[in-house]
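# Tertiary structure, described
What follows is each chain in one-letter form.
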Amino acid sequence: MNIKEVILENLNIASYIEEKVNEIASAVGEGSAVNALSGGVDSAVVTMLGHKALGDRLKSYFINSGLMREGEPRQIVSWFAQLGVTVIVIDAQSEFFEALKGKTDPEEKREAITHTFYKKVFGKLVKKSGAKYLLQGTNFTDIEETVAGIKRQHNILEQLGIDPQEHFGYKILEPLIDVRKPAIRLIGKAAGLQKEIYSRPPFPGPALAARVIGEVTPEKIALVRAATAIVERHLSTSGAFQYLALLHEDRVTGIRNGKRDFGLQIEIRCWDSEDAVTASPTRVPYEILEKMASEITSMIPGVTSVTYNITQKPPSTIEPI
């Protein structure tokens, strides 16, 4: 791996922002660029760097893949409007669910999302806009885990020998590729992002598809989305690095209204970590775990079991897929 990490302790944030803004401006020149804004911390920070560098020559798109959290498109548009950044929402739900149909292997699902995102959806947007550059929020941990073969991050291309210009018709700029999440949060704060954005828990590139074991369907995503809303509401003040709900593929026997109910399993994960390289399960008070389990099983149809992950990373990983 030829990329050299910029350690947080050695980072001069003001100089870093100036350097990256100049790099973007220099690369794009008098042309234009498009921006893949997912609503996560990394892509949000890249949006601000691109906006500072290019102004209206940066077109920021939020791709509604159908895999996002509850109310996400509306929330992202609102937040960035307050910052003077116009975000265009593209409805691509049918494309993503069609690409994921029948796929159960985690890497096949990631590949399907990558292809759909970069070629089917963004390829068309870039071609229509005439832009030659796509900005995205790849960070150092994304590169590290992909190159190590732990799991392929959907936004890793050139590091795997994939030339985006040859495959998709545009060049990708990755301003944050040499820093990790703690540094990115500080850069976001200094760049003017609201605390609600730069302090958000990490969210995976494949979105809620990363939290469905087995085939991804609209019905399963709806279940995970509902469970995620409950988990985030209860754990948002926990101080944890990340927290999430995932849906298992296997069903388990339960009891509902005095009868056997062969239902679904939701697993809750909550992590303490500095940089996502290693992580320990947060010691969430048992009373909170009970409340989440009660709400999930009573409010989400078909769920009969809620579990809590207690395995450290490694050997576990923060996201299940």
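Rules used throughout
Residues numbered from 1 in each chain as written. Predicted model: local features only at pLDDT ≥ 70, side-chain atom pairs only at ≥ 80, totals over all residues. Heavy atoms only, no water. Pairing = 2+ DSSP bridges. Helix = DSSP H or I, 4+ residues; strand = E, 2+ residues; numbered from the N terminus. Axes fitted to C-alpha atoms, helices over the stretch in contact; angles between N-to-C directions. Contact = heavy atoms within 4.5 Å. Expected span 1.5 Å × (residues − 1). Bend = angle between axes of the 7 residues up to and from the residue. Polar contact = N/O pair within 3.5 Å; in protein donor to acceptor, adjacent residues only side chain to side chain. Core = buried A, V, L, I, M, F, W, Y, C linked by side-chain atoms within 4.5 Å. Buried < 20%, exposed > 50% of the residue type's maximum accessible area, 1.4 Å probe, protein only. pLDDT = per-residue confidence, 0-100. Left-handed = near helix turned anticlockwise from the far one by under 90°. Nonpolar A, V, L, I, M, F, W, Y, C, P; charged D, E, K, R; others polar.

## Examining the sheet that holds strand β3 (residues 87-91)
One open sheet accounts for five strands, arranged β3-β2-β1-β4-β5; its pairing is parallel. Each having just a single partner strand, β3 and β5 (171-173) make up the two edges of the open sheet. Taking the axes of each pair of neighbouring strands and ignoring which way they run, one obtains an average angle of 30° across the sheet. With three bridges connecting them, strand β1 (residues 33-36) and strand β4 (residues 133-135) associate as parallel partners. The partner of Ala33 across the bridge, within β4, is Tyr133. Packing against the sheet, helix α2 (residues 41-54) makes contact with β1, β2 (58-64) and β4, and its axis sits at approximately 155° to β2.

## Side note on helix α5 (residues 106-129)
The end-to-end C-alpha separation of α5 is 33 Å, in line with the 34 Å expected for 24 residues at 1.5 Å each. By the largest-angle criterion, Phe122 marks the main kink of α5, which is about 45°. Near the N-terminus of α5, the side chain that reaches the backbone nitrogen of Glu107, with its oxygen 3.0 Å away, is that of Asp105.

## Notes on the nonpolar core
The biggest cluster of nonpolar side chains holds 85 residues, and the ones touching the most others in it are Ile63, Leu67, Phe80, Phe122, Leu176 and Ile296. Contacts of Leu176, omitting those with residues within four sequence positions, involve Tyr16, Asp42, Val45, Val46, Leu49, Thr138, Asn139, Phe140, Ile184 and Ile187. Among the nonpolar cores identified, the runner-up in size contains seven residues, and Leu244, Ala276, Ala279 and Ile318 belong to it.

## A word on the side chain of Ser65
Of note, Ser65 is situated in the loop between β2 and α3 (72-81). Here Ser65 falls in the buried class, since its relative accessible area comes to 6%. With residues near it in sequence (within four places) discarded, Ser65 still touches Ala92, Gln93, Phe96 and Phe97.

## Side note on unusual backbone geometry
Between Lys313 and the following residue, Pro314, the backbone shows a cis peptide bond with an omega angle of -15°. Mapped onto the elements, Pro314 comes out in the segment after β10 (303-308). The linkage connecting Pro314 with the following residue, Pro315, adopts the cis geometry, with an omega of 10°. By secondary structure assignment, the location of Pro315 is in the segment after β10. One non-glycine residue, Ala207, lies in the positive phi region at around 60°.

## Some points on the environment of Ile255
In this fold, Ile255 is placed in strand β7 (residues 252-256). The class of Ile255 is exposed, set by a relative accessible area of 73%.

## What about the pairing of strand β6 (residues 242-247)?
The side chains of a regular strand alternate between the sheet's two faces. For β6, the buried fraction is high: six of the six residues fall into the buried class. On β6, burial covers both faces: Gln242, Leu244 and Leu246 on one face and Tyr243, Ala245 and Leu247 on the other are all buried. Taken together, the six bridges between β6 and strand β8 (residues 259-272) define a ladder with antiparallel strand orientation. What sits directly across from Tyr243, in β8, is Cys270.

## Let's talk about the environment of Gly102
In this structure, Gly102 sits in the loop between α4 (93-100) and α5. For Gly102, a relative accessible area of 53% translates into the label exposed. As a C-alpha pair, Gly102 and Ala240 span 138 residues in sequence and 34 Å in three-dimensional space.

## Remarks on the confidence of the model for the chain
Low-pLDDT stretches of the model should not have their predicted coordinates read in fine detail. Of the residues in the chain, 92% reach a pLDDT of 70 or more, and the chain-wide mean stands at 90. Taken element by element, the chain is modelled with least confidence in helix α7 (residues 164-168), mean pLDDT 61, and with most confidence in strand β9 (residues 280-281), mean pLDDT 98. In this model residues 150-157 is a low-confidence stretch, pLDDT under 50, and it forms 43 contacts with partners more than four residues away in sequence or in other chains.

## Description of the packing of α4 against α5
Remark: α4 packs on α5, axes separated minimally by 9 Å, with the N-to-C direction vectors making an angle of 145°. Here α4 and α5 pass one another in a crossing that is right-handed. Only Lys109, Ala112, Ile113, Thr116, Phe117 and Val121 of α5 make contact with α4, whose side of the interface consists of Glu95, Phe96, Ala99 and Leu100. Residue composition of the contact of α4 with α5, grouped by class: seven nonpolar, one polar and two charged.

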